[in-house]
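Chain residues, written in single-letter form:
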Amino acid sequence: MPAADWTKIEALPAIPLKNLFADDPDRVKRLSADVAGIHFDWSKTHLTAEAVSAFEALAKAQGLAGKREALFAGEEINVTEGRAAEHTAERGEGRAESVARARALHARMRALIDAIEGEALGPIRHILHVGIGGSALGPHLLVDALGRESGRYDVAIVSNVDGVALEEAFAKFDPAATLLVIASKTFTTTETMLNAQSVLQWMTEHGVEDIYGRVVALTADPDKALEWGVDETRILPFSESVGGRYSLWSSIGFPAALALGWDCFEELLEGAAEMDRHFRLTALHENAPALAAFADLYYTQVRHAETRATFAYDERLRLLPSYLQQLEMESNGKGVTIDGKPLDRPSAAITWGGVGTDAQHAVFQLLHQGTHLVPVEFVAVIEAGDTLAEDHHRQLLLNAFAQRAALMAGKQVEDPARSYSGDRPSSTILIDDLDGRSLGALIAFYEHRVFVNAVLLGINPFDQFGVELGKEMAKAAIAGNQHFDASTDDLIKRAFG
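This report concerns the structure included in the present document.

Analysis parameters
Residues numbered from 1 in each chain as written. Predicted model: local features only at pLDDT ≥ 70, side-chain atom pairs only at ≥ 80, totals over all residues. Heavy atoms only, no water. Pairing = 2+ DSSP bridges. Helix = DSSP H or I, 4+ residues; strand = E, 2+ residues; numbered from the N terminus. Axes fitted to C-alpha atoms, helices over the stretch in contact; angles between N-to-C directions. Contact = heavy atoms within 4.5 Å. Salt bridge = Lys/Arg side-chain N within 4 Å of Asp/Glu carboxyl O. Buried < 20%, exposed > 50% of the residue type's maximum accessible area, 1.4 Å probe, protein only. Phe/Tyr/Trp six-rings, centres within 6.5 Å; stacked < 30°, edge-to-face > 60°. Lys NZ or Arg CZ within 6 Å of the ring centre and 35° of its normal. Polar contact = N/O pair within 3.5 Å; in protein donor to acceptor, adjacent residues only side chain to side chain. Expected span 1.5 Å × (residues − 1). Core = buried A, V, L, I, M, F, W, Y, C linked by side-chain atoms within 4.5 Å. Parallel < 35°, antiparallel > 145°, perpendicular 65-115°, else oblique. Left-handed = near helix turned anticlockwise from the far one by under 90°.

One open sheet holds the five strands; their spatial order is S4-S3-S5-S6-S7, and the pairing between them is parallel. At either end of the open sheet lies a strand with only one pairing partner, and these are strand S4 (154-158) and strand S7 (235-237). Pairs of neighbouring strands in the sheet enclose a mean axial angle of 15°, with direction left out of account. Here strand S3 (residues 126-130) pairs with strand S5 (residues 178-183) via five bridges, running parallel. Each residue of the ladder has a partner; that of Leu128, found in S5, is Leu180. With respect to the sheet, helix H6 (residues 96-117) is in contact with S5, strand S6 (215-219) and S7, its orientation differing from that of S7 by roughly 155°. Relative to the sheet, helix H9 (residues 190-205) contacts S3, S4, S5 and S6, its axis offset from that of S5 by approximately 165°.

Counted under the stated rule, the structure contains 29 salt bridges. One salt bridge in this structure joins Arg30 and Asp24, with 2.3 Å as the shortest N-O distance. Given the relative accessible area of 36%, Arg30 is considered partly exposed. Each of Asp296, Arg308, Glu328, Glu377 and Arg449 takes part in a single network of salt bridges with overlapping partners.

Here the focus is the packing of aromatic side chains. Using the criterion set out here, one finds 18 aromatic pairs in the structure. Over the aromatic face of Phe21 sits the side chain of Arg27, whose NZ or CZ is 5.6 Å from the ring centroid. The ring of Trp249 has Arg91 sitting right over it, with the charged end atom 4.5 Å from the ring centre.

All right, on to the side chain of Thr178 then. By secondary structure assignment, the location of Thr178 is in strand S5. Among the polar contacts made by the side chain of Thr178, one reaches the main-chain carbonyl oxygen of Asp174 at a distance of 2.7 Å. Non-local contacts of Thr178, meaning those with residues more than four positions away in its chain, are made with Ile124, His126, Leu128, Phe173, Trp202, Met203 and Arg214.

Taken across its six residues, strand S11 (residues 426-431) has six buried, putting it largely inside the fold. Neither face of S11 is exposed, since Ser426, Thr428 and Leu430 on one face and Ser427, Ile429 and Ile431 on the opposite face are all buried. Strand direction decides the pairing type here: strand S10 (residues 376-381) and S11, joined by six bridges, are parallel. Bridge assignment links Val381 to a residue of S11, and that residue is Ile431.

A rise of 1.5 Å per residue sets the reference length of helix H18 (residues 468-479), with its twelve residues, at 16 Å; its end C-alpha atoms lie 17 Å apart and thus fit the reference within 8%. Positive phi shows up at Gly480, right after H18, with a value of about 80°.

Our next topic: the nonpolar core. One finds Phe40, Phe254, Phe294, Leu317, Leu439, Phe445 and Leu456 to be the most contacted residues of the largest nonpolar core, which totals 104 residues. Element by element, the count of residues in this core is highest for helix H17 (residues 436-457), at 14 residues. Counting 25 residues, the second largest nonpolar core, distinct from the first, contains Phe173, Phe187, Ile211 and Ile235.

At a closest axis distance of 8 Å, the pairing of helix H13 (residues 288-302) and H17 adopts a crossing angle of 50°. Judged by the angle between their axes, H13 and H17 are oblique. When the axes of H13 and H17 are compared, the crossing they make is right-handed. Across the interface between the two elements, Ala288, Pro289, Ala290, Ala292, Ala293, Phe294, Asp296, Leu297 and Gln301 from H13 touch Phe445, His448, Arg449, Val452, Asn453, Leu456 and Leu457 from H17.

With that settled, consider the pairing of strand S1 (residues 32-35). Pairing between S1 and strand S2 (residues 38-41): four bridges, direction antiparallel. Bridge pairing links Ser32 to Asp41 in S2. The hairpin formed by S1 and S2 contains two residues between the paired strands, and Ala36 there has a positive phi angle of roughly 55°.

Next up, the structure:
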């Protein structure tokens with residue numbers, strides 16, 4: 001594939017945001033979109049009609065339309081690993097055979113949930129889910145965002161191999177009423193399997209009989225789970241073509257479906273499918289994931305911004321920045337193109353963020369007055385998640401809106417230490433009400449945004465070879481037959497003698 005021509009994009013003029021608003025009374029309307037109860041606003045980015053047109057031309061040259069169809073058709077779009085990327089099939093949008101398989105596996109999952117609710121495994125009150133990466137971040141986000149008032153089960157999602165994390169769960173849970181859920185695509189993930197063994201040991205030490213009868217396995221390799229000791233009836237497979245960080249729609253979402261109820265899980269899938277259809281059928285200049293990706297690429301490629309910040313102005317979405325870190329940086333943090341050639345331009349921005357209003361008193365100083373250009377994304381919810389006085393939620397939302405206005409407007413005074421340069425970009429995602437449908441649509445929006453970024457950069461967002469080298473060296477060190485550099489060897493000696 002010939003190198004993409006970024007000439008027109010790189011030559012885009014840097015027009016101040018105030019001027020863009022002054023020159024275009026319809027700017028807010030043209031740079032907004034509404035999908036599945038979510039309002040997206042990119043009017044305070046430096047996107048213009050000229051910029052959008054230039055990105056549309058680049059998308060055509062890079063074959064975005066065809067690759068989008070290939071994604072939904074279940075073709076081998078993950079070229080480096082020789083497989084499809086079929087997370088959309090999990091929510092009913094994809095190759096017919098894959099959609100049918102996903103539905104069958106969902107039915108299997110629901111049957112197990114029905115059995116657990118009927119106490120077929122005993123009086124379960126606690127769910128202890130062990131996994132790491134996509135096997136933990138997605139379920140954790142779902143349960144934390146939507147499960148605060150469900151009261152169905154106590155849920156702990158443990159990813160860190162640090163024993164402190166497991167002991168916190170042990171202190172809260174009754175081992176006789178705990179279900180162990182092991183989430184691992186290969187069922188060989190070192191940290192996850194060690195954590196699982198420690199949970200079984202904890203159960204044994206507290207007199208739980210038939211500990212393996214309290215284990216559910218979520219994996220793309222059911223034979224490995226069966227070999228490990230999990231009964232076939234409690235193994236919930238998912239497709240090999242569903243990547244880890246795209247897997248919460250599959251059986252990896254089991255703890256969320258159990259904790260939140262099946263109706264909520266179905267709403268999640270339906271909301272994601274609604275965003276799938278929007279992404280697939282809507283023209284790029286009105287397409288939410290595409291416009292978001294155009295803004296991302298404008299700042300990384302034209303303005304040389306190295307980071308992008310997301311701030312959730314809703315406590316229920318406090319885990320969203322962590323979820324996006326994996327989704328965006330593991331997907332698009334690449335140094336080579338799909339042809340194996342060096343990438344000659346910046347890849348994904350470094351994703352970070354936090355929760356408003358806490359972040360205002362921590363990092364917004366740099367955003368307003370620092371020397372770094374940081375595009376900021378505000379995520380807020382119109383319907384409050386609490387029952388306190390209206391002032392709480394009103395102040396929360398008005399802080400989000402005012403911060404965004406201040407980033408653009410700035411303020412010039414005689415004292416330079418008290419001056420704000422302004423012209424700092426931001427976007428807003430405003431959700432009507434945080435429920436299964438809207439959260440599903442929001443996560444699918446981010447997935448497709450990552451995909452558009454990847455296609456325009458000419459990279460593969462579905463592999464993650466960069467995480468392997470350090471893990472391989474750690475395994476060798478654990479086996480005791482690895483020598484490193486002098487500094488690392490010294491640290492090992494100091495730690496272990």
